[in-house]
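Working through the structure, step by step
This is what each chain is made of:
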Amino acid sequence: MPKIKSKIIAVVGPTASGKSEFAVKLAKKIGGEIISADSRQVYTHLNIGSGKVPGRWRMADGRRQFIYKGIAHHCIDFVSPRKKFTVAEFKQCAERAITTIYRSGKIPILVGGTGFYIRAVVDGVAFPPVPPNEKLRRALEKKSTEELFAMLKKKDSHRVKTIEQKNKRRLIRALEIVASLGRVPKPRAVTKYDAKLIGIRRAPEELKKRVEKRISEMVKRGLVRETRKLKALGLSWKRIYELGFEYRLPALYVQKKISKEELREQLIRESLRYARRQMLWWKRDRRIQWISP
């Protein structure tokens, strides 16, 4: 008899759409725990810019847990920002969390805006075991995302169809794999889970207002101060830039390269661009049941 797959729920959608709060309400309603699928929320000290829920670590059920509004969150706030956390590491973390959640009699709810993280778990994507090539990475870091995308297009016409064109880190990783294997292997998928995908959709004007409000709140809460703290912890400007535009732009402001007004305007513009890229990613997945909460 075929093995019965474990049921999980995934909540997806663009930035500022309200995924986190919806997932908490859902978890309370059905008896679930949350697995954060966000490439920056895994890091400690990245609270405001990453949009991390303001939970607290405490002992619960005999183990240390990150709790927000009474709901345990997994794969969040546990990696040093000095370390580069990979999608393969996230997949391992999420699968361990799913096992833990099931053992406690709860339902796993995967929630986040990093599409590749969601797909890695939901579709069981396997990743090629290619170690980092620091020399190649340093050379590729000097190039723009447009140059990197053009290089990948010449070397692997398959991978360019699925990669995020503006994601420098993923473009470099793809080129790193090409240099090692000659091409980026088509991901093998071994699906362990029966996943129900729920998408949070907002009308364009509503989403724009939510993004503007979110950015204003980030700045008021101390996004610039948080960025300065990362520098004080010993992170280089280069590493801070790698943590996304929510930290790159405040870093430019701290270095007096842009004004406070430019900081706010560019944060809003980049957030809206990111939201559009996220929706393009999710629109390809016909399994998603879209709702407008």
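Residues numbered from 1 in each chain as written. Predicted model: local features only at pLDDT ≥ 70, side-chain atom pairs only at ≥ 80, totals over all residues. Heavy atoms only, no water.

**Details of the state of the cysteines**
Counting across every chain of the model gives one disulfide. With its sulfur 2.3 Å from that of its partner, Cys75 forms a disulfide with Cys93. Its torsion about the S-S bond being -115 degrees, the disulfide of Cys75 and Cys93 is classed as left-handed. Within this pair, whereas Cys75 is found in the loop between strand 5 (71–74) and helix 2 (87–103), its partner Cys93 is found in helix 2, the two being separated by 18 residues in sequence. Judged by relative accessible area, Cys93 falls into the buried class, the value being 10%. (Disulfide = S-S within 2.5 Å. Helix = DSSP H or I, 4+ residues; strand = E, 2+ residues; numbered from the N terminus. Buried < 20%, exposed > 50% of the residue type's maximum accessible area, 1.4 Å probe, protein only.)

**Notes on the packing of helix 8 (residues 223–232) against helix 10 (residues 245–254)**
The packing of two helices is summarised by the inter-axis angle and the distance between the axes. Running from N to C, helix 8 and helix 10 point in directions that differ by 85 degrees, and their axes come no closer than 9 Å. The orientation of helix 8 relative to helix 10 falls into the category roughly perpendicular. Contact with helix 8, carried on its side by Leu223, Val224, Glu226, Thr227, Arg228 and Leu230, involves Glu246, Tyr247, Pro250, Ala251, Tyr253 and Val254 of helix 10 and no other residues of that element. (Axes fitted to C-alpha atoms, helices over the stretch in contact; angles between N-to-C directions. Parallel < 35°, antiparallel > 145°, perpendicular 65-115°, else oblique. Contact = heavy atoms within 4.5 Å.)

**Topic: the packing of aromatic side chains**
Scanning the model with the defined rule gives six aromatic pairs in all. Ring geometry for Phe116 versus Trp281: centroids 6.5 Å apart, planes at 75 degrees, classification edge-to-face. Here the residue Phe116 occupies a position in helix 3 (residues 115–122), and Trp281 occupies one in helix 11 (residues 260–283), the gap between them amounting to 165 residues. For the residue pair Phe116 and Trp281, the accessibility class agrees, reading buried in each case. With 6.4 Å between their ring centres and 70 degrees between their planes, Phe245 and Tyr274 make a pair best called edge-to-face. In this pair, Phe245 is assigned in helix 10 and Tyr274 in helix 11, connecting sequence segments 29 residues apart. In this structure, Phe245 and Tyr274 share a single accessibility class: buried. By way of ring pairs, the aromatic residues Phe116, Trp281 and Trp282 are connected into one cluster. (Phe/Tyr/Trp six-rings, centres within 6.5 Å; stacked < 30°, edge-to-face > 60°.)

**A short note on the pairing of strand 1 (residues 6–12)**
Counting buried residues along strand 1, five of its seven residues qualify, which places the element largely inside the surrounding structure. In the sheet, strand 1 pairs with strand 7 (residues 193–200) via seven bridges, with the strands oriented parallel. When the sheet's bridge partners are listed, Val12 is paired in strand 7 with Gly199. With three bridges joining them, strand 1 and strand 6 (residues 107–111) adopt parallel strand pairing. Its bridge partner being in strand 6, Val11 is matched across the sheet by Val111. (Pairing = 2+ DSSP bridges.)

**Points about the environment of Ile9**
If you trace the backbone, Ile9 turns up in strand 1. With residues up to four places along the chain from it excluded, the contact list for Ile9 reads Leu26, Ile30, Ile107, Pro108, Ile109, Leu110, Lys196 and Ile198.

**Structural notes on the side chain of Arg239**
Mapping Arg239 onto the fold places it in helix 9 (residues 237–242). Of the residues examined, Arg239 reaches a relative accessible area of 10% and is grouped as buried. Among the polar contacts listed, one links the side chain of Arg239 to the backbone oxygen of Pro81, at a separation of 2.8 Å. For Arg239, the residues in contact, after removing those within four places along its chain, are Tyr43, Pro81, Arg82, Lys83 and Lys84. (Polar contact = N/O pair within 3.5 Å; in protein donor to acceptor, adjacent residues only side chain to side chain.)

**Description of the layout of surface pockets**
The calculated volume of the second largest pocket comes to roughly 840 Å³. Looking at the lining of the second largest pocket, the elements with two or more residues in it are helix 1 (19–30), strand 2 (32–36), helix 7 (204–221) and helix 11. If one sorts the elements of the lining of the second largest pocket by residue count, helix 7 sits on top with six residues. In the lining of the second largest pocket, the residues fall into 12 nonpolar, 12 polar and 13 charged. (1 Å grid on protein atoms, 1.4 Å probe; cavity = no way out; pocket = protein on both sides within 12 Å on 5 of 7 lines; lining within 4 Å. Points joined across faces, edges and corners; volume = space filled by probe spheres on them. Nonpolar A, V, L, I, M, F, W, Y, C, P; charged D, E, K, R; others polar.)

**A few points about empty space enclosed by the protein**
Applying the stated criterion across every chain, the model contains one cavity of 30 Å³ or more. Empty space within the largest cavity amounts to approximately 30 Å³. Around the largest cavity sit Thr15, Arg214, Ile215, Met218, Glu246 and Ser271, which together line it. The leading source of residues in the lining of the largest cavity is helix 7, at three residues.

**Comments concerning helix 3**
Burial analysis of helix 3 places seven of its eight residues in the buried class, the great majority of the element. Here helix 3 has its buried residues at Gly115, Phe116, Tyr117, Ile118, Ala120, Val121 and Val122. Considering only its buried residues, helix 3 is in contact with strand 1, helix 2, strand 6, helix 6 (168–181), strand 7 and helix 11. At the exit of helix 3 stands Gly124, carrying a positive phi of roughly 60 degrees.

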